[in-house]
Number of protein chains: 2
Amino acid sequence: MIRIVVEPSQIQGHECMLTPPQQHYLFRVMRVRPGQLVEALVSGARLYECKVEPDSQTLTIQNVDEVHVPIAITLAQALIKRDLFAQIVEKGTEAGISRFIPVVTERSIVRDVSPAKQQRWQIIAQEATEQSRQTRVPQIEPVTSFKALPTMPGHVKCVLHPEGPNILEWLLEERPHGSEWMLVAGPEGGLSDSEVAMLQEAQYVAVSLGPFIYRAENAGVIAAGILTAWASSRLSSVGDLF
Amino acid sequence: MIRIVVEPSQIQGHECMLTPPQQHYLFRVMRVRPGQLVEALVSGARLYECKVEPDSQTLTIQNVDEVHVPIAITLAQALIKRDLFAQIVEKGTEAGISRFIPVVTERSIVRDVSPAKQQRWQIIAQEATEQSRQTRVPQIEPVTSFKALPTMPGHVKCVLHPEGPNILEWLLEERPHGSEWMLVAGPEGGLSDSEVAMLQEAQYVAVSLGPFIYRAENAGVIAAGILTAWASSRLSSVGDLF
């Protein structure tokens, strides 16, 4: 079904009011017809199944679903070269990441991001949300210094590191509890030993993804995919919290 | 450490003979110096730690490692639009896929691949192997019809499908045994119901990656990352076979 993302204020009673760009998208681009069903998603909250009305300005709500997302993953990702951060935002959103923090680390080559690029990442996040049946449009935070990570809040915190224990063993043996997760992924050359040590002192657990070394733009996405598959399975104890 | 991929025939006694392109790469591009250590990988077999010799034509072998890869994953991936198959080859190689079969399915829009593109994918696979500490350069097979999949060999066969059980639950409950895995991933619009049924009749298990829908270029890679993390952990029973 075609899906659009709407603001809570667009939901009024049994109707969803469409903005002009949404009208353009639905009627010109997607060529929907009156009577057709589409989905309107309020990020982080509800998914509305709606009928297209002939006036082209409103949808009539038929059905409402609460969307169950067992954990919220923040990916603190070191800035990386080329436009690979955009790729991480796209694929990481599909894998269930709900917040991205671009981080400047010791070995980061890229150390700054233009406001235009930041804005583009936010649009990519929104598009990926719409495509992947999710309910929260991830937030892209401003560029942050590595030093801020140890004190950031989170129920469960992990850092990707090739020498850590296997992430699946850790999940199934420790059964970490809590809905707010922090996941840290390094830049091309990895985090420095002292950075990893700083995180470990701050209750971060170092975990690895298996025997292979992933490129910087792939590691955080794969890790998020594993966390999401685990959290949404009966193997996790996260569901107990909800 | 700098790594090159070599043919078995290049290993002669305690020496690794370099081809002219490898000499160019090591001495001109990477600017290695005599005495420096580099790695030479024989795909699927051994990793040699070698010392660079002043003659610029040979390396002296210092150390040999057998590389342990618990499972061999073949990804039968439906052809997809743009050059996204190349991205799957790159990221999937990192995630432990050892063979790629480009497949034409009912809903495939792309149905053919030029020899030049096929060759480029093979080069991408080789580069990703070198970067990710792996031992086997994945093989890119010729374009194959979906109809060939049901009879393809494999100890464990699965197909990605949003309505299947969670892949982690399946792995940990069924503990599938065997070293040769087949993994099927559909095109942009997914596999058709009859295609999924054909695979299920042929002992394929349908599995999902959690509650979200991944784009076609992301699903197979995430699934391979999960399989590799699982197979290389103490949770799997695959290690019993080796």
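Residues numbered from 1 in each chain as written. Chains lettered and ligands numbered in written order. Predicted model: local features only at pLDDT ≥ 70, side-chain atom pairs only at ≥ 80, totals over all residues. Heavy atoms only, no water.

1. A few points about helix α6 (residues 216-231) of chain A
Three- or four-residue spacings in an α-helix give side chains the same orientation, since the helix completes a turn every 3.6 residues. This is how it is decided: Numbering of helices and strands runs from the N terminus, with a helix taken as a DSSP run of H or I at least four residues long and a strand as a DSSP run of E at least two residues long. To estimate the expected span of a helix, count its residues, drop one, and scale the result by 1.5 Å. When a residue's accessible area, from a 1.4 Å probe over protein chains only, is under 20% of the maximum for its type it is buried; when over 50% it is exposed; and in between it is partly exposed.
Taking 1.5 Å as the rise per residue, α6(A) with 16 residues should run 22 Å; its terminal C-alpha atoms sit 23 Å apart, in good agreement. Burial analysis of α6(A) places 16 of its 16 residues in the buried class, which makes it a mostly covered element.

2. Section: the interface of chain B and chain A
As a reminder, the rule being used: Here, residues are in contact when the closest pair of their heavy atoms is within 4.5 Å. Throughout, buried area stands for the accessible area (probe radius 1.4 Å) lost by two parts on being put together, summed over both. Criterion for a salt bridge: a side-chain nitrogen of Lys or Arg within 4 Å of a carboxyl oxygen of Asp or Glu.
Taken together, the contacts link 37 residues of chain B with 37 residues of chain A. Between chain B and chain A, a total of about 3600 Å² is buried, with carbon and sulfur atoms accounting for 56% of that surface. Considering only the side of chain B, the residues that lose the most area to chain A are B:Glu94, B:Phe212 and B:Arg215, jointly responsible for 20% of the buried surface there. Among the ionic pairs, B:Glu90 bridges to A:Arg215, the shortest N-O distance being 3.6 Å.

3. Comments concerning the relation of the copies chain B and chain A
This is how it is decided: Copies are brought into register by a least-squares superposition over C-alpha atoms of residues with pLDDT of at least 70 in both.
Placing chain B over chain A gives an RMSD of 0.2 Å and needs a rotation angle of 180°, together with 0.1 Å of translation along the axis. Interpreted geometrically, this transformation is the action of a two-fold axis. Comparing contact sets, 100% of the residues at the interface of chain B also lie at the interface in chain A, consistent with an isologous, same-surface contact.

4. Things to note about the pattern of salt bridges
Going through the model one piece at a time under the given rule, you end up with 14 salt bridges over all chains. Put simply, A:Lys91 and A:Glu90 hold a salt bridge, and the shortest N to O gap is 3.5 Å. Put simply, B:Asp83 and B:Arg120 hold a salt bridge, and the shortest N to O gap is 2.0 Å. Separated by 37 residues along the polypeptide, B:Asp83 in the loop between β7 (72-78) and α2 (84-94) and B:Arg120 in helix α3 (residues 115-131) bring together distant segments of the chain. We classify B:Arg120 as partly exposed; its relative accessible area is 38%. Taken together, the salt bridges that share partners define one network made up of A:Glu90, A:Lys91, A:Glu94, B:Arg215 and B:Glu217.

5. Topic: the pairing of strand β11 (residues 156-160) of chain A
Most of β11(A) is tucked away, with five of its five residues classed as buried. Burial along β11(A) is two-sided: A:Val156, A:Cys158 and A:Leu160 and A:Lys157 and A:Val159, pointing in opposite directions, are all buried.

6. Some points on the side chain of A:Thr58
Residues and elements named next belong to chain A. Note the threshold: Polar contact criterion, stated in full: a pair of N or O atoms within 3.5 Å, where within protein one must be able to donate a hydrogen and the other to accept it, and residues adjacent in sequence count only if both atoms are side-chain atoms.
Here Thr 58 is to be found in strand β6 (residues 58-66). The buried category is assigned to Thr 58, whose relative accessible area is 6%. Among the polar contacts listed, one links the side chain of Thr 58 to the side chain of Asp 55, at a separation of 3.0 Å. Those residues in contact with Thr 58 that lie beyond four places of it in its chain are Glu 15, Cys 16, Met 17, Leu 18, Lys 51 and Glu 53.

7. Concerning the packing of helix α4 (residues 167-174) of chain A against α6(A)
Residue and element names in this part refer to chain A. Under the convention used in this document: A fitted line through C-alpha atoms serves as each axis, taken over the contacting stretch for helices, and the angle formed by two N-to-C directions is quoted from 0 to 180°. In these notes the angle categories are as follows: under 35 degrees is roughly parallel, over 145 is roughly antiparallel, 65 to 115 is roughly perpendicular, and the rest is oblique. Helix crossings get a hand from a simple test, with the near helix turned counterclockwise from the far one by less than a right angle marking a left-handed crossing and a clockwise turn marking a right-handed one.
α6 packs onto α4 with a crossing angle of 30° between their chain directions and a minimal axis gap of 11 Å. In terms of orientation, α4 and α6 fall into the roughly parallel class. Considering how the two elements wind past one another, α4 and α6 form a crossing that is right-handed. Where α4 approaches α6, its residues Ile 167, Leu 168, Leu 171 and Leu 172 are matched on the opposing element by Ala 223, Ile 226, Leu 227 and Trp 230.

8. Considerations on unusual backbone geometry
Where the residue is not glycine, phi is negative for most of them; where a peptide bond is considered, it is trans in most cases. Residues and elements named next belong to chain B. Look at Arg 175: it is not a glycine, yet its phi comes out positive at around 40°. Residue position: Arg 175 is located in the loop between α4 (167-174) and β12 (180-185). Its identity as a non-glycine residue notwithstanding, Gln 203 has a phi of 70°, on the positive side. Residue placement: Gln 203 occurs in the loop between α5 (193-201) and β13 (205-207).

9. Brief notes about the packing of aromatic side chains
Where we set the bar: Ring pairs shown here join Phe, Tyr and Trp side chains whose ring centres sit within 6.5 Å, with only the six-membered ring taken for Trp; geometry is labelled stacked below 30 degrees between planes, edge-to-face above 60, and tilted in between.
Inspection of the entire model under this criterion finds six aromatic pairs over all chains. Where B:Trp170 meets B:Trp181, the ring centres are 6.1 Å apart and the plane angle is 75°; that geometry is what we call edge-to-face. Here B:Trp170 is found in helix α4, whereas its partner B:Trp181 is found in strand β12, with 11 residues between them in sequence. No difference in accessibility class separates B:Trp170 from B:Trp181, as the two residues are buried. Each residue in the set A:Trp170, A:Trp181 and A:Trp230 is aromatic and connected to the rest through ring pairs, giving one cluster.

10. Thoughts on the environment of A:Asp83
Residue and element names in this part refer to chain A. Residue classification places Asp 83 among the partly exposed positions, given a relative accessible area of 29%. Through-space distance from the C-alpha of Asp 83 to that of Glu 217 is 9.8 Å; in sequence the pair is 134 residues apart. Aside from chain neighbours lying at most four places away, what touches Asp 83 is Lys 117, Arg 120 and Trp 121.

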